[in-house]
Amino acid sequence: MQRSDRYFANPLAFQPERWQDALEKQLPKCVYFPFGDGPRICIGKGFAQMEAILILSTLAQQYQLQLVPGQTITPFPSITLRPNRAFRCNSSIVRLLKELKEQDKRPSNATAFFS
């Protein structure tokens, strides 16, 4: 279903922007199901979702995100606190190159421990 031109324009192309404007909510139920559903659901679903969170948190440590001007974030209280809608950000590298140069000059923990 998720590769059907019945529901998606150019379904085989990589177009992350297609999910803007809450496309998933406009689709019929079970048209997009990346991990399957029911008794044959992918056993790696939980791991993949946890891994995505870890990757995003790792990237967030190395980049500074700034809200695009003219947008506001309104909190949506649920089980967790989250924004009520999507928002756009600009990113910039935060001292990453400087830190890498400094790491080249310092001994690693293993070297310091064994010396």
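Note that the structure is predicted; figures quoted are calculated from it, not measured. (Residues numbered from 1 in each chain as written. Predicted model: local features only at pLDDT ≥ 70, side-chain atom pairs only at ≥ 80, totals over all residues. Heavy atoms only, no water.)

## Details of the overall build of the chain
Counting its secondary structure elements, the chain contains four helices and four strands. The linear arrangement of helices and strands in the chain, starting from the amino end, is α-α-β-β-β-β-α-α. Across the 115 residues that make up the chain, the buried fraction comes to 5%. Total accessible area on the chain is roughly 10,500 Å²; 57% of this is exposed by carbon and sulfur atoms. (Helix = DSSP H or I, 4+ residues; strand = E, 2+ residues; numbered from the N terminus. Buried < 20%, exposed > 50% of the residue type's maximum accessible area, 1.4 Å probe, protein only. Areas by Shrake-Rupley, 256 points an atom, 1.4 Å probe, with all protein chains shown as cover.)

## As for a nonpolar patch on the surface
On the surface, Ile55, Leu56, Leu59, Tyr63, Leu65 and Ile93 cluster together into a nonpolar patch covering about 580 Å² of accessible area. Those elements that place two or more of their residues in the nonpolar patch are α2 (45–62) and β1 (63–67). When residues in the nonpolar patch are grouped by element, the largest group, three residues, is from α2. (Patch = residues over 30% accessible without salt bridge, like charges linked within 9 Å, V, L, I, M, F, W, Y side chains within 5 Å. Salt bridge = Lys/Arg side-chain N within 4 Å of Asp/Glu carboxyl O.)

## Examining the confidence of the model for the chain
For the chain, the average pLDDT comes to 77, and 82% of its residues sit at 70 or higher. The model gives residues 109–115 a pLDDT under 50, and that stretch makes one contact with residues more than four places away or in other chains. (pLDDT = per-residue confidence, 0-100. Contact = heavy atoms within 4.5 Å.)

## Topic: the side chain of arginine 18
For arginine 18, the location among the structural elements is in the segment before α1 (23–26). No salt bridge is formed by the buried arginine 18, whose closest oppositely charged neighbour, glutamate 17, lies at an N-O distance of 6.9 Å. From its side chain, arginine 18 meets the backbone oxygen of asparagine 10 in a polar contact 3.1 Å long. If we ignore the near neighbours within four places in the chain, the residues touching arginine 18 are Phe8, Ala9, Asn10, Pro11, Ala13 and Leu23. (Lys, Arg positive; Asp, Glu negative; His and termini not counted. Polar contact = N/O pair within 3.5 Å; in protein donor to acceptor, adjacent residues only side chain to side chain.)

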